[in-house]
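# Architecture at a glance
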Amino acid sequence: MRKLILFLALLVPATITFAQRNMSNKPSIQLIRNATLVIEYNGKKILVDPMLSPKGAIESWAGIETNPTVELKMPVKDIVDNLDLVIVTHTHDDHFDKAASKMLDKSIALLHQPADVEFFKKEAFTNAEALQDHKVWNGIDIHRIDAEHGSGEVLKMMGKTSGFVLQAKNQPTVYIVGDAIWTEAIKANIKKFKPDYIIVNSGGALIKGFENSPIIMDEAQTMELIAESGKAKVIAVHMDALDHCRTTRKSLSEKAAELNIGKDKLIIPQDGEVVNLIR
C-alpha cells in the first residue's frame, strides 16, 4: 500500500505537467509589455523581443520619464521558464535589454537578424542563429523579413530591423511585423503569406528632432495596414510602455471607432492579456 501511495504521489505532478503542456498546444499570444510577447505555437513556447527590466531602469528617450514606464504584470521567472525559442527582431533596448540578456539561459535557441550576429556573440549566447530568410524549426516554418524602422535620415539612424512569419500545419499563420512603418513591402508580405493574424507595433514612436517622422506605425498607418490586411485579425502592441511612443491604446481605439473598425478586426490587448488564436 505504501508503495502504491508513493507511486500515485509521483504520478500526479507528472500528470499535471503533461496536461499543462498539452494545453499549450492551443495557439495563443500573450502580450507581456510593449513588444514583448509569449507565443504558444505548435506546442512550443516562443518568447519575442524580451524587454524584462523593471519600471524606470532604462534611460528616457523623449525627456519625459525613464523607461519602461510601467512594471511587468508577472514575475520574470514565469516569462523565461520552459522556453523553447527566443526570437529577436532587433536589439534596441526596448526589444532586447540587459535584463533579458541576464535572465535568459545562454544556451536557449535564439533566432535573430544577420545584422545582430556580433551583438549576440558579445552577449555569450551559444545557440543564437542569424536567420537569413527561412528555416523549419520543430515543424514551424519561420520566415524573416526586412522591415523599415522609419524613413529618410531617421531610417539610417535606426538601423536594421526585421519581421517574422510563423507557419505550421493546423496552426494559424502569424506575421510579426516588428518595428516598422507602413510600406508597400509590408502590403506585399500580407498578400504573399496571407496571415491569419498580424502583430503590429503601433506606438507611433518619435525621436528628438524628427517629430514628424514616426519610427513605427501610428494611428493612421495602423489603419492603412488594417485596410490591406485581408482576412487577418490585427493585434496592436508597443503602446503605453515607453516615453517616446505617442500613440496609446486609447487614441488607437478612438481612431478605429471613427472608421467603424470593430474588435473583431482590431485587437488591442492589455499587458498580461492572452489572445487565443483561431485558424
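That block above? That's the structure.
The structure contained in this document is the topic of the report that follows. Computed from a predicted structure; not experimentally measured. (Residues numbered from 1 in each chain as written. Predicted model: local features only at pLDDT ≥ 70, side-chain atom pairs only at ≥ 80, totals over all residues. Heavy atoms only, no water.)

### Examining the overall build of the chain
When its secondary structure is counted, the chain shows eight helices and 14 strands. Computed over the C-alpha atoms, the radius of gyration of the chain is 19 Å, within 12% of the 19 Å expected from 2.2 N^0.38 for a compact globule of 279 residues. In terms of overall dimensions, the chain has C-alpha extents of about 75 × 40 × 35 Å along its principal axes. Relative to all contacts within the chain whose residues are 6 or more apart in sequence, the contacts with residues 24 or more apart total 62%. As displayed, the chain has an accessible area near 13,500 Å², and 54% of this comes from carbon and sulfur atoms. Charge separation in the chain, taken as the distance between the mean sites of 34 positive and 36 negative side-chain charges, equals 7 Å. (Helix = DSSP H or I, 4+ residues; strand = E, 2+ residues; numbered from the N terminus. Rg over C-alpha atoms; globule rule 2.2 N^0.38 Å. Contact = heavy atoms within 4.5 Å. Areas by Shrake-Rupley, 256 points an atom, 1.4 Å probe, with all protein chains shown as cover. Lys, Arg positive; Asp, Glu negative; His and termini not counted. Charge placed at Lys NZ, Arg CZ, Asp CG, Glu CD.)

### Examining the sheet that holds strand β7 (residues 134–137)
Here seven strands make up an open sheet; going across it, the order is β7-β8-β9-β10-β11-β12-β13 and the pairing mixed. Either end of the sheet is taken by a strand with one partner, and the two such strands are β7 and β13 (266–267). Note that β7 and strand β8 (residues 140–147) share four bridges and pair antiparallel. Bridging across to β8, W137 finds its partner in I140. The sheet strands contacting helix α7 (residues 219–227) are β11 (197–201), β12 (233–237) and β13, and the helix crosses β11 at an angle near 165°. (Pairing = 2+ DSSP bridges. Axes fitted to C-alpha atoms, helices over the stretch in contact; angles between N-to-C directions.)

### Some words on the side chain of R33
Inspection of the secondary structure puts R33 in strand β1 (residues 28–33). The charged side chain of R33 is buried without a salt bridge, its nearest counter-charge being E71 at 4.9 Å. One polar contact links the side chain of R33 to the main-chain carbonyl oxygen of S53, over a distance of 2.7 Å. (Buried < 20%, exposed > 50% of the residue type's maximum accessible area, 1.4 Å probe, protein only. Salt bridge = Lys/Arg side-chain N within 4 Å of Asp/Glu carboxyl O. Polar contact = N/O pair within 3.5 Å; in protein donor to acceptor, adjacent residues only side chain to side chain.)

### So, the environment of W61
Note that W61 resides in the loop between β3 (44–48) and α2 (76–80). We classify W61 as partly exposed; its relative accessible area is 21%. On a C-alpha basis, the gap between W61 and K208 in space is 8.0 Å, while along the polypeptide they are 147 residues apart. Discounting residues that sit within four places of it in the chain, W61 has contacts with N67, D93, D94, K208, L242, D243 and H244.

### Here's the deal with the nonpolar core
If you look at the biggest cluster of nonpolar residues, it comprises 27 residues, and the most contacted ones within it are I39, I46, I142, L166, V174, I199 and I235. Per-element accounting of this core gives the leading share, three residues, to strand β2 (residues 36–41). When sequence neighbours within four positions are dropped, the list of residues in contact with I46 reads L37, V38, I39, Y41, L85, I87, W137, I140 and L166. With 25 residues, the next largest nonpolar core counts I198, V200, M223 and I268 among its residues. (Core = buried A, V, L, I, M, F, W, Y, C linked by side-chain atoms within 4.5 Å.)

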